[in-house]
Amino acid sequence: MSKGIYVATVESNSGKSVVVLGLMRMLLGKTAKVGYFRPIIEDVEAGKRDNHINTVLSYFDIDLNYKKTYAYTRSQVLELYNQGKSGEVLDEIIKKYKSLEERFDLVLVEGTDFSHENSSLELDINMLISKNLGIPVIIVVNGDKKDNKEIVDNVQLSHDTFKEEVDVLSIITNKVEIDSISNLKKALKERINCGTNITVIPKIESLANPTLKEIAQALDAKVLFGKDMLNNQVQNSGVGAMQLRNYITKLKEGSLVITSGDRADIILGALQANISKNYPKISGIVLTGNLLPEDSILKLIEGLSSVVPIISVNDGTFNVTNAIGKVKSRIYAENTDKISTSISTFEKYVDTEELSNKLITFKSDIFTPRMFQYNLLQRALKEKKHIVLPEGSDERVLRAAARLIDAHVVDLTLIGESNKIKEQIEKFDIPLNTKNISIVSPQKSPHFEDYVNTFYELRKHKDVNLDMARDAMADVSYFATMMIHKGHADGMVSGAIHTTAHTLRPALQFIKTKPNVNIVSSVFFMCLEDRVSVFGDCAINPNPNSEQLAEIAISSAESAKNFGIEPKVAMLSYSSGSSGKGEDVERVREATEIVKAKVPNLKIEGPIQYDAAVDMRIGKSKLPDSEVAGQASVLIFPDLNTGNNTYKAVQRETGALAIGPMLQGLNKPVNDLSRGCTADDIYSTVIITAIQAQDQ
Ligand SMILES: CC(C)(COP(=O)(O)OP(=O)(O)OC[C@H]1O[C@@H](n2cnc3c(N)ncnc32)[C@H](O)[C@@H]1OP(=O)(O)O)[C@@H](O)C(=O)NCCC(=O)NCCS
Ligand SMILES: CC(=O)OP(=O)(O)O
């Protein structure tokens, strides 16, 4: 079941609030703990609150602090986007949403209002957010003032656009003229064959009408009478310029009378008509031109037992009439009539049973790199681990260290000379306070002699003598690895300067493999644009035989699972099925059979080519019966030449973040980096290492 649901629209005034209010009622009927979140709100004046949030929180009495219900205002987002910080926007939105997800059984998320220009950016942002929250979307399409063809086109376009990126639970076409509903339903059925449930809600006049309060606010009016009746709905308006005897015949139910402030005849006549059983009830009176009735008239009105709201504005009648025509109807917390009409409308037209069933059975396959990184950080934060970084004076290592310390995610020891490290921090202006980290120089460490002796004891059967052990422990990789062995740190990350062989050899020599593991291998978590793929082995075993390849596949599938990725393993080769022949293909085929025999439940396909593994269309054409082809999440390369260069090609050509190589099979976590790594790669690899250390 999904923990959240996203209500999105593609244009302004779609009547999204009706859907939000109706959905909120529906969800509260299923579970008591429903949260509400708006990733981006409109800009609000200081001291004021977003109207949508206010309405939902107060009407449904949701126990939620206002500040927790949104992440950014519209201008904050635009500013951050202009500074190239769109990733940070997304991270903060995910963080805020996830904290609600933890507190509530379900979270209703309301997208932006599309009340400004640049709607294509807004559409992209809404899709990006819903995708990264991993929740299904309900799209609200505005049917107001559109003919059926236009509505069907809009539904089709909205569906196709969203479906590319996210799971669309339902499309609700709102504000449709009641007379055209049955034809519209027919046209939708004929044109749109998407399997997505499409609902049509008619235009409800009482929801479309603005209240006196909205009109008074839009005109910056002064309320003279009837302050407590400002929720009156304005169903139509007319200018009282003619003689009273003619004007009152024009009044209709809910009319707003617009007249000059000195037309006492119209004002009093309209008030009388309102209480006469022979005339309709009016909604209010607007006095224009900054003219107020004389005191005697005001006194007369004050003494009446029943009035309607009377508001006064500065502008002339013509401008005011135009401005009133443009006022949009909104739903306020105090306007409980509109709220209950919204809810009853939703319940009448939407099949809530079907919708909640869809929500209950919903399962998303989407796992974006941002979600992956968010989950990693949250896991690492659960228990702080101590990580050692042997390349302490490298600029990238120091930048990553600054971020890690700032996030309070790990404790760090940097290996190196204290002066040199401080010099580098100053030179590159890195926001890292050395008081918050440990700095250890191997030969000055009080543990140095103990480490030398321990290494000697561990490796003397390999002809290592004490001098050799002393030389080894002077090396940062050996020293840091010994810290792990001794339990003086929980994990190590290195390789930004040193080669893989240099980084790993100490671990292979004395951290050793776990019981039942024959070879240490590695995976990269490749953060592609819309998914995270696991690539193995791209770092350690140059020419694995079929047994070793099978072990790499099994370990990589376990690593994927441990980090929240459902393993669907592709054993890569230049052949898909029996399309190609050769010794190397046979080795991959054999490895696949070994895995199938050892882990029968694992989804695995091999031999298979990369295109058939990741592209659904090609996968279906090359291996139509495969449950992995087209959707592989774990890609096992046949040898290191292929694996190492493929990960580098993907990383360099797509800009993907490559986290790793993360080693699998060692007794304690030691992880490598590429010498071409960035500070971001180091940051994420340290977090992965901390999680591995927690799992020890
Ligand atoms: C991993 C690698 C460094 C180990 O090779 P090596 O240094 O020649 O290793 P050795 O043969 O000296 O073995 C050292 C120890 O490691 C162990 N070892 C080597 N490879 C291992 C593996 N994949 N898994 C488990 N243990 C391994 C050996 O059994 C040996 O143990 P011992 O000394 O207690 O008997 C080597 O395979 C290598 O260079 N791989 C390619 C790395 C690379 O360049 N990658 C590309 C960039 S990421
Ligand atoms: C992992 C890897 O390929 O490392 P490097 O680029 O340092 O050789």
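Keep in mind it's a predicted model, so treat the numbers as computed, not measured. (Residues numbered from 1 in each chain as written. Chains lettered and ligands numbered in written order. Predicted model: local features only at pLDDT ≥ 70, side-chain atom pairs only at ≥ 80, totals over all residues. Heavy atoms only, no water.)

With that settled, consider the overall build of the chain. Counting secondary structure elements, the chain contains 28 helices and 23 strands. On the principal axes, the C-alpha backbone points of the chain span a range of 115 × 60 × 40 Å. Burial statistics for the chain: of 696 residues in total, 54% are counted as buried. Intrachain contacts of the chain at a sequence separation of at least 6 include 75% that bridge at least 24 residues. Of the charged side chains in the chain, 81 are positive and 89 negative; the average position of the first set lies 3 Å away from that of the second. (Helix = DSSP H or I, 4+ residues; strand = E, 2+ residues; numbered from the N terminus. Buried < 20%, exposed > 50% of the residue type's maximum accessible area, 1.4 Å probe, protein only. Contact = heavy atoms within 4.5 Å. Lys, Arg positive; Asp, Glu negative; His and termini not counted. Charge placed at Lys NZ, Arg CZ, Asp CG, Glu CD.)

Each pocket or cavity is described by its volume, and for the second largest pocket that value is around 1,500 Å³. Lining the second largest pocket are 47 residues, and of these Gly87, Glu88, Asp91, Arg370 and Gln373 sit closest to its centre. Listed by contribution, the elements that provide at least two residues to the lining of the second largest pocket are helix H4 (86–103), helix H5 (119–133), helix H16 (369–382), helix H17 (395–406) and helix H28 (679–694). A total of 8 residues in the lining of the second largest pocket trace back to one element, the largest contributor, which is H16. (1 Å grid on protein atoms, 1.4 Å probe; cavity = no way out; pocket = protein on both sides within 12 Å on 5 of 7 lines; lining within 4 Å. Points joined across faces, edges and corners; volume = space filled by probe spheres on them.)

Checked against the element boundaries, Phe104 lands in the loop between H4 and strand S4 (106–110). Sequence separation between Phe104 and Val397 is 293 residues, and the spatial gap between their C-alpha atoms is 38 Å. If we ignore the near neighbours within four places in the chain, the residues touching Phe104 are Lys3, Lys33, Val34, Gly35, Ile62, Asp63 and Leu64.

Taken together, the side chains of Lys3, Lys33, Lys68 and Arg103 present a region of like positive charge at the surface. You can see Arg103 is positioned in helix H4. (Patch = residues over 30% accessible without salt bridge, like charges linked within 9 Å, V, L, I, M, F, W, Y side chains within 5 Å. Areas by Shrake-Rupley, 256 points an atom, 1.4 Å probe, with all protein chains shown as cover. Salt bridge = Lys/Arg side-chain N within 4 Å of Asp/Glu carboxyl O.)

The positions that UniProt labels "domain: Phosphate acetyl/butaryl transferase" (unreviewed entry) are, in the present scheme, residues 371–690. In this annotation, residues 371–690 is assigned 47% helix and 17% strand; the end-to-end C-alpha distance for the span is 18 Å. (UniProt positions renumbered as here; feature names shortened; annotations may be inferred.)

Formed by 76 residues in total, the largest nonpolar core has its most connected members in Leu23, Ile93, Leu108, Leu133 and Phe162. Looking at which element gives the most residues to this core, the answer is helix H1 (residues 16–30), with 7 residues. Leu376, Leu389, Ile519 and Val588 belong to the second-largest nonpolar core, a separate cluster that totals 62 residues. (Core = buried A, V, L, I, M, F, W, Y, C linked by side-chain atoms within 4.5 Å.)

For the rest of this paragraph, the subject is the UniProt feature "domain: DRTGG" (unreviewed entry) in the chain. Summarizing the sequence annotation, UniProt attributes the feature "domain: DRTGG" (unreviewed entry) to residues 214–325 in the numbering used throughout. Segment residues 214–325 splits into 38% helix and 21% strand. End C-alpha atoms: 12 Å apart.

Take the site of ligand 1 next. Close contacts around ligand 1 come from 15 residues, with Arg459, Arg505, Lys512, Val520 and Ala539 the closest. One of the backbone nitrogen or oxygen atoms of Ala539 is found 2.8 Å away from a nitrogen atom of ligand 1. In the environment of ligand 1, a nitrogen atom lies 2.8 Å from a nitrogen or oxygen atom belonging to the backbone of Ile540. For ligand 1, the protein covers 64% of the area, taking 920 Å² as the surface of the free molecule. Listed by contribution, the elements that provide at least two residues to the shell around ligand 1 are helix H22 (500–511) and helix H27 (640–654). Top element by residues in the shell around ligand 1 is H22. It accounts for 4 residues. Of the residues that constitute the shell around ligand 1, the class distribution is 7 nonpolar, 4 polar and 4 charged. (Near = heavy atom within 4 Å. Polar contact = N/O pair within 3.5 Å; in protein donor to acceptor, adjacent residues only side chain to side chain. Nonpolar A, V, L, I, M, F, W, Y, C, P; charged D, E, K, R; others polar.)

What follows concerns the environment of Asn274. Checked against the element boundaries, Asn274 lands in helix H11 (residues 264–275). With a relative accessible area of 6%, Asn274 lands in the buried category. Each C-alpha atom, one on Asn274 and one on Gly254, is 9.8 Å from the other, the two residues being 20 residues apart in sequence. With near-sequence residues (within four places) excluded, Asn274 lies in contact with Pro280, Lys281, Ile282 and Val308. A polar atom in the side chain of Asn274 sits 2.9 Å from the backbone nitrogen of Ile282.

Further remarks concern the sheet that holds strand S12 (residues 310–312). Across the sheet, which stays open at both edges, the 5 strands sit in the order S8-S12-S11-S10-S9 with mixed pairing between neighbours. Each edge of the open sheet carries a strand with a single partner, namely strand S8 (222–225) and strand S9 (236–239). Recorded for the sheet is a direction-independent mean angle of 25° between the axes of neighbouring strands. Of the strand pairs in this sheet, strand S11 (residues 282–288) and S12 are connected by 3 bridges, and their pairing is parallel. For Ile285, the partnering residue across the bridge sits in S12 and is Ile310. This element, H11, spans strand S10 (255–260), S11 and S12 of the sheet and lies at about 175° to S11. Helix H13 (residues 317–326) rests against S9, S10 and S11 of the sheet, and its axis sits at about 160° to S10. (Pairing = 2+ DSSP bridges. Axes fitted to C-alpha atoms, helices over the stretch in contact; angles between N-to-C directions.)

Next up on the list: helix H2 (residues 51–59). Residues of H2 that are buried: Asn51, His52, Ile53, Thr55, Val56 and Leu57. Looking at the buried residues of H2, the elements they touch are H1, strand S2 (34–41), strand S3 (70–73), S4 and helix H14 (336–349). At the N-terminal boundary of H2, the capping side chain belongs to Asp50, with an oxygen 3.2 Å from the backbone nitrogen of His52. One or two steps after H2, the chain reaches Asp61, where phi turns positive at roughly 55°.

Taken together, Thr500, Phe524, Asn644, Tyr647, Lys648, Leu673, Ser674 and Arg675 make up the full set of residues near ligand 2. Within the contact set of ligand 2, an oxygen atom lies 2.6 Å away from a side-chain nitrogen or oxygen of Lys648. The side chain of Arg675 places a nitrogen or oxygen atom 2.7 Å from an oxygen atom of ligand 2. In the complex, the protein chains occlude 88% of the 260 Å² of accessible area that ligand 2 would expose alone. By residue class, the composition of the shell around ligand 2 is 3 nonpolar, 3 polar and 2 charged.

Structurally, Ser17 is set in helix H1. With relative accessibility at 22%, the residue Ser17 sits in the partly exposed group. C-alpha of Ser17 to C-alpha of Val7: the two residues are 10 residues apart in sequence and 9.3 Å apart in space. What Ser17 contacts, discounting residues up to four positions off in sequence, is His52 and Ile331.

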